[in-house]
Amino acid sequence: ADEVVLVGRSNVGKSTLMRELTGHQFDTGGKPGVTRQPNHYDWAGDDFVISDLPGFGFMSGVEEEHRESIKTDIVHYLEENADNILVGVIVLDGKAAVDIIDRHSGEDEVPHVIDLYYLFEDLGIPPVLAVNKMDKVDDRDERLNEIADRFGLFPPWEQWADDTIAPITAKKGSIGALEDVVRHHLESEKRDDLK
Ligand code: GDP
């Protein structure tokens, strides 16, 4: 697998994170819900690409029909490329994520990020939660436990720190936790290849 997929609502810090990961300047912005072809970037040092799949998380103001077609596009892309995808990184705003998830949880509604988490799992793509903007979070452990809980990951969050939950502050370049988690998956894949 040589691809890392990155998703998240707008404003969670995807472009900032991508810039830190790749050393390239770019903008993941653009209109909410407008799907573009996945972009590929070299991850400095390591030999794989990072694809940014905009449009999944933030689709308010987008018509239902268009919304469904965006979702279908993304699902197709992931299905076709699942074998090549090392991890599916879901970028969250550490300060806002729980409120947003809870606001969108209801009888007929599953928040997009949760949906996507399970989609990754179903496709055999290890999901990774990059919890960004940790510099704005005071009650760090409590907040990370809440986030873990929303994704069905039994607290304490530290149990998931090796392979799933990576608290980061992209803006200050502190993304080591995410790099460690990605490396963890890379290494366990290499071990599997040797079997
Ligand atoms: P995108 O829409 O997901 O690509 O988000 P951007 O990378 O454009 O970031 C959105 C806003 O969040 C910008 O004002 C960033 O400076 C800010 N931001 C990104 N990462 C962090 C972070 O780790 N901490 C804080 N406090 N702000 C951040």
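Enquirer: I'd like to hear about the sheet that holds strand β1 (residues 3-7), residue by residue, with values.
Expert: Within the open sheet, the five strands sit side by side as β2-β1-β3-β4-β5. Their pairing is parallel. The open sheet terminates on both sides in strands that have one partner only, identified here as β2 (49-52) and β5 (165-167). Adjacent strand axes in the sheet meet at a mean angle of 25°, parallel and antiparallel pairs treated alike. Each of β1, β2 and β3 (85-93) is contacted by helix α2 (residues 64-81), which is oriented at about 160° to β1, the strand it contacts most. Each of β1, β3 and β4 (127-132) touches helix α4 (residues 112-122); the most contacted strand, β3, lies at about 165° to it.

Enquirer: With reference to specific residues and values, describe the packing of α2 against α4.
Expert: Contact geometry of α2 with α4 gives a least axis separation of 11 Å together with a crossing angle of 25°. Judged on the interaxial angle alone, α4 and α2 are roughly parallel. Between α2 and α4 lies a crossing whose hand is right-handed. Across the interface between the two elements, Lys71, Val75 and Leu78 from α2 touch His112, Asp115, Leu116, Leu119 and Phe120 from α4.

Enquirer: Lay out the nonpolar core with the relevant residues and their values.
Expert: Among the nonpolar cores identified, the biggest contains 32 residues, and Leu78, Ile90, Leu92, Leu129 and Phe151 are the most heavily contacted of them. Sorting the residues of this core by element identifies β1, α2, β3, α3 (97-103), α4, β4 and α5 (140-150) as the ones contributing at least two each. It is α4 that contributes the most residues to this core, six residues altogether. Those residues in contact with Phe151 that sit more than four places away from it in its chain are Leu92, Ile101, Val113, Ile114, Tyr117, Tyr118 and Leu129. Counting 23 residues, the second-largest nonpolar core is a separate cluster that includes Val12, Val87, Val91 and Ala166.

Enquirer: Could you give an account of a negative patch on the surface, naming the residues involved and the relevant values?
Expert: Together, Asp138, Asp139, Asp141, Glu142 and Glu158 make up a region of like negative charge exposed at the surface. Mapped onto the elements of the fold, Asp139 is located in the loop between β4 and α5.

Enquirer: Tell me what's going on with unusual backbone geometry, and back it up with residues and numbers.
Expert: Outside of glycine, negative phi angles account for most residues, and trans bonds account for most peptide bonds. In this model, Pro155 is joined to Pro156 through a cis peptide bond whose omega is 5°. In this structure, Pro156 sits in the loop between α5 and β5. Even without being glycine, Asn11 reaches a positive phi, approximately 80°. Look at Lys133: it is not a glycine, yet its phi comes out positive at around 60°. Among the secondary structure elements, Lys133 is positioned in the loop between β4 and α5. When its relative accessible area of 18% is taken as the criterion, Lys133 is described as buried.

Rules of the game
Residues numbered from 1 in each chain as written. Predicted model: local features only at pLDDT ≥ 70, side-chain atom pairs only at ≥ 80, totals over all residues. Heavy atoms only, no water. Pairing = 2+ DSSP bridges. Helix = DSSP H or I, 4+ residues; strand = E, 2+ residues; numbered from the N terminus. Axes fitted to C-alpha atoms, helices over the stretch in contact; angles between N-to-C directions. Contact = heavy atoms within 4.5 Å. Parallel < 35°, antiparallel > 145°, perpendicular 65-115°, else oblique. Left-handed = near helix turned anticlockwise from the far one by under 90°. Core = buried A, V, L, I, M, F, W, Y, C linked by side-chain atoms within 4.5 Å. Buried < 20%, exposed > 50% of the residue type's maximum accessible area, 1.4 Å probe, protein only. Patch = residues over 30% accessible without salt bridge, like charges linked within 9 Å, V, L, I, M, F, W, Y side chains within 5 Å. Areas by Shrake-Rupley, 256 points an atom, 1.4 Å probe, with all protein chains shown as cover. Salt bridge = Lys/Arg side-chain N within 4 Å of Asp/Glu carboxyl O. Lys, Arg positive; Asp, Glu negative; His and termini not counted. Charge placed at Lys NZ, Arg CZ, Asp CG, Glu CD.

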